Amino acid sequence: MTATILILVTCVSAYPAEDRDLPKPEASRAAVAKALPLLLRSTGQYPESRDCFSCHHQAVPVLALVTAKGHGFVVPDGAIEDPVELTETDLRGAMDSYRKGNGQGGGVTRAGYALLTMEVGGKAAGELTDTVAGYLLQKDESRDHWRGSSDRPPSEASDFTATYLALRALAAYGKESQKDRIEARVSKARRWLEATAPKDTEDRVFRLMAMKAASSPEELIRKAADDLLATRRDDGGWSQLDGGSSDAYATGSALVALQWSGRLATDSPEYRGGLAFLIADQRADGSWFVVSRSKPFQPYFESGFPYGKDQFISMAATSWAVTALSLACSTN
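Remember, it's a predicted structure, so these values are computed and weren't measured experimentally.

Calculation notes
- Residues numbered from 1 in each chain as written.
- Predicted model: local features only at pLDDT ≥ 70, side-chain atom pairs only at ≥ 80, totals over all residues.
- Heavy atoms only, no water.
- Phe/Tyr/Trp six-rings, centres within 6.5 Å; stacked < 30°, edge-to-face > 60°.
- Helix = DSSP H or I, 4+ residues; strand = E, 2+ residues; numbered from the N terminus.
- Buried < 20%, exposed > 50% of the residue type's maximum accessible area, 1.4 Å probe, protein only.
- Axes fitted to C-alpha atoms, helices over the stretch in contact; angles between N-to-C directions.
- Parallel < 35°, antiparallel > 145°, perpendicular 65-115°, else oblique.
- Left-handed = near helix turned anticlockwise from the far one by under 90°.
- Contact = heavy atoms within 4.5 Å.
- Nonpolar A, V, L, I, M, F, W, Y, C, P; charged D, E, K, R; others polar.
- Expected span 1.5 Å × (residues − 1).

**What about the packing of aromatic side chains?**
Evaluated as defined, the whole model comprises eight aromatic pairs. An angle of 65 degrees between the planes, with centres 5.8 Å apart, marks the rings of Tyr46 and Phe301 as edge-to-face. A residue pair is termed long-range when its members are at least 10 positions apart, and Tyr46 in the loop between α1 (25–45) and α2 (55–70) and Phe301 in the loop between α12 (269–281) and α13 (311–327) qualify at 255 residues. For the pair Tyr46 and Phe301, a shared accessibility class is recorded, and that class is buried.

Right, dumping it as structure tokens:
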């Protein structure tokens, strides 16, 4: 079973006079070009210290690199293939656990982000994806949605994130023989998504993308998008928590969700205002800095990305920023 979820809208170069202070395509392109060397270096260095999958060094960076490559940036094939291979190897080592319905640490969020990495990286369906998708299909089956596995904000603390990742994985890798079960789960999740209020930007972002993936009515998708857009701050960005400061993780993911859902074209003033925040917030080395809100639980190691204990959320933030900026660049 396949589904096309990414809808890419390219930017244009002619802007009305009132928008002249917003960034033009060349500024977005320059920001992506500035960030790519650091992303490439850190994704390459990560396996020197860890052989396990992570959303911050495989999933979101692969999404960023694939999007950038699709929009005309030079990305070596190995830079995408290597983290996808690491993801595949990590999943294969846990096949028995997935068959038994136990999965890995990180639960649905980890499994969903891993299959997103495989999907975006171009991996065809097979025994491995069948097994992990089967785990997601039966996980939380008595409930009307999928649950996050821990309280490690932002990416592992939201049931909306887990639900989107499960829906996307089943759309990409669900088996035809499971069609009825998948449709039943999608239907239950859709009702939950439409009835449940989000509490922060992570919730709003992934609720919007999940509603799109679950084929909610367009008027409800637009309402969810408007709810996310309404929390945009005066500086053009989004904050992870209402009332907080804008940052690249919240802003990049919000822009991507609004673009994928069809609510914002990349040449709209609102989208370009978000890009303006990202461009202004980018550091000299090409990165974006975000302070971690999660308590560390693994031994510390260096991944080739700056900011010490804040490097992992900053890596994810940089990847979301690169994805959002790349979407605003032409494919030429």
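**Considering the packing of helix α5 (residues 107–120) against helix α7 (residues 159–173)**
Two elements in contact, α5 and α7, have axes whose closest approach is 8 Å; the angle formed by their N-to-C orientations is 40 degrees. Considering the angle they form, α5 stands oblique to α7. Judged by the sense of rotation from one axis to the other, the crossing of α5 with α7 is left-handed. Contacts between α5 and α7 involve Val108, Thr109, Gly112, Tyr113, Leu115, Leu116, Met118, Glu119 and Val120 from the first element and Thr161, Ala162, Leu165, Ala166, Arg168, Ala169, Ala172 and Tyr173 from the second. Residues of the contact of α5 with α7, tallied by class, amount to twelve nonpolar, three polar and two charged.

**As for helix α6 (residues 127–138)**
Helix length check: α6 (twelve residues) gives 17 Å between terminal C-alpha atoms against 16 Å at 1.5 Å per residue, within 8%. Where burial is concerned, most of α6 is hidden: nine out of the twelve residues are buried. Turning to α6, its buried residues are Leu128, Thr129, Thr131, Val132, Ala133, Gly134, Tyr135, Leu136 and Leu137. Elements that come into contact with the buried residues of α6 comprise α3 (77–92), α4 (95–99), α5, α7 and α8 (179–195). Phi turns positive one or two residues past the end of α6, at Asp140, with a value near 55 degrees.

This is a description of form; function is not addressed.
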